Amino acid sequence: MTKKDRTAIVLQARAALIVAAMSRSIVTYGELGKALGIDGVALRNEMRHVLDDLSDDCIARGEPSLAALVVNQRSGAPGPGWQDGAVPWHVEVQAVFRRGA
């Protein structure tokens, strides 16, 4: 996926996750991938980059990371790549919900 393609997908992910935040919902990686038209190997290989770019965008905007709303279907928790400094995942989710309300 080119940087240009990823930028467009990051914007789509942002829009989808804002809707999720407004309804105080979390989504699975698969659900977000389906909404973005990404599946299979591309989902596994590209979603982390999309969510990293989205997190960077949120931080640049002074917002909590919308990527916190994306979880593994089986565990109900974010993937092992989730990092947000000193802010625990569940605290970030609540911050996103408050901002989306």
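Below, the structure is looked at part by part. (Residues numbered from 1 in each chain as written. Predicted model: local features only at pLDDT ≥ 70, side-chain atom pairs only at ≥ 80, totals over all residues. Heavy atoms only, no water.)

This part covers the overall build of the protein. A tally of regular secondary structure across the protein gives 4 helices and 2 strands. By its C-alpha atoms, the protein is 30 × 30 × 25 Å across when sized along the principal axes. The 101 residues of the protein split such that 40% are buried. For the protein, the proportion of contacts with a sequence separation of at least 24, taken over those separated by at least 6, is 64%. (Helix = DSSP H or I, 4+ residues; strand = E, 2+ residues; numbered from the N terminus. Buried < 20%, exposed > 50% of the residue type's maximum accessible area, 1.4 Å probe, protein only. Contact = heavy atoms within 4.5 Å.)

Along its 12 residues, helix α4 (residues 89-100) runs 17 Å from first to last C-alpha, staying within 8% of the 16 Å computed at 1.5 Å per residue. Of all the positions in α4, only E92, V93, A95, V96, F97 and G100 are classed as buried. (Expected span 1.5 Å × (residues − 1).)

This brings us to helix α2 (residues 29-36). Those residues of α2 not exposed but buried are L32, G33 and L36. All buried residues of α2 project into a common sector of 100 degrees when viewed along the axis, lining one side. Projecting away from the buried face of α2 at angles above 90 degrees are the exposed residues K34 and A35. Within two residues after α2, G37 carries a phi angle of roughly 80 degrees, on the positive side. (Arc of directions from axis to C-beta.)

As a further point, take the pattern of salt bridges. Here the structure, examined in full by the defined rule, presents 6 salt bridges. R14 is the partner of D57 in a salt bridge, and the nearest nitrogen-oxygen pair spans 3.7 Å. Here the residue D57 occupies a position in helix α3 (residues 40-60), and R14 occupies one in helix α1 (residues 3-22), the gap between them amounting to 43 residues. Connected via shared salt-bridge partners are R14, D57, R61, E63 and R99. (Salt bridge = Lys/Arg side-chain N within 4 Å of Asp/Glu carboxyl O.)

Examined against the element boundaries, S23 turns out to sit in the loop between α1 and β1 (27-28). Distance from S23 to E63, taken between C-alpha atoms, is 17 Å for residues 40 residues apart in sequence.

Bringing the side chain of T28 into the picture now. Here T28 shows up in strand β1. Not counting chain neighbours up to four residues away, the residues in contact with T28 comprise V70, V71 and Q73.

Attention now moves to the nonpolar core. Grouped together as the largest cluster of nonpolar side chains are 25 residues, with contacts concentrated most on L17, L32, L54 and L69. Going through the elements one at a time, α1, α2, α3 and α4 are the ones with two or more residues in this core. Setting aside its immediate chain neighbours within four residues, L32 contacts A13, A16, L17, V27, M47, L51 and V70. (Core = buried A, V, L, I, M, F, W, Y, C linked by side-chain atoms within 4.5 Å.)

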